[in-house]
Amino acid sequence: MVRCAYCGAEGKMSREHVIPKGFINNMDFKALTVWLDKAPSKVINSELMVKDVCAECNNGELSQLDAYALKLMISYNEKILYETRKVFFKYNYDLLTRWLLKVCYNSARANDSYYDIGLYQKY
């Protein structure tokens, strides 16, 4: 049985985007291309996801963090563009830090980066 990477609950897990879907939808990408540290010679033409998050966490607190970060970015940029180099904004330190840690933790798990997973897991 698989355990949720966030709450530890056992059961069926859902897919969690490493880069939130709302960010992908609001970016000016012609094609989304990613690569993984664990397979550096492969290029993947899809959204990077992890499959170890329960639906309650994914659709609850994690979704709220994603919504906060997306609202923050859109409220200052209207649309996130590939060419964007700097963004100046006021933010809630706790929410933004938690969201950044979530993205880093998801990325570490997607790449099987065991050292990084250990660093982010406790947060």
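Up top you'll find the structure we're talking about.
Residues numbered from 1 in each chain as written. Predicted model: local features only at pLDDT ≥ 70, side-chain atom pairs only at ≥ 80, totals over all residues. Heavy atoms only, no water.

## Quick notes on the packing of aromatic side chains
Applying the stated criterion to the full structure yields 2 aromatic pairs. Ring geometry for Tyr 6 against Tyr 105: centres 5.3 Å apart, planes inclined by 85 degrees, an arrangement best described as edge-to-face. You can see Tyr 6 sitting in the segment before β1 (13-17) and its partner Tyr 105 sitting in helix α4 (residues 93-110), a full 99 residues away along the chain. We classify Tyr 105 as buried; its relative accessible area is 3%. Ring centres of Phe 23 and Trp 99 lie 5.2 Å apart, and the angle between their planes is 15 degrees; on these two criteria the pair is classed as stacked. Taken together, the positions of Phe 23 in helix α1 (residues 21-26) and Trp 99 in helix α4 put the pair 76 residues apart, joining distant regions of the chain. Using a relative accessible area of 6% as the deciding quantity, one classes Phe 23 as buried. For Trp 99, a relative accessible area of 11% corresponds to the buried category. (Phe/Tyr/Trp six-rings, centres within 6.5 Å; stacked < 30°, edge-to-face > 60°. Helix = DSSP H or I, 4+ residues; strand = E, 2+ residues; numbered from the N terminus. Buried < 20%, exposed > 50% of the residue type's maximum accessible area, 1.4 Å probe, protein only.)

## Brief notes about unusual backbone geometry
Backbone geometry places Asp 112, a non-glycine residue, at a positive phi of 50 degrees. Relative to the assigned elements, Asp 112 resides in the loop between α4 and α5 (114-121).

## Some words on the side chain of Asp 52
Mapped onto the secondary structure, Asp 52 falls in strand β4 (residues 49-54). A residue is classified by how much of its surface remains accessible, and Asp 52, at 18% relative accessible area, is buried. Among the polar contacts made by the side chain of Asp 52, one reaches the side chain of Arg 109 at a distance of 2.8 Å. (Polar contact = N/O pair within 3.5 Å; in protein donor to acceptor, adjacent residues only side chain to side chain.)

So yeah, pure geometry; function would need other evidence.
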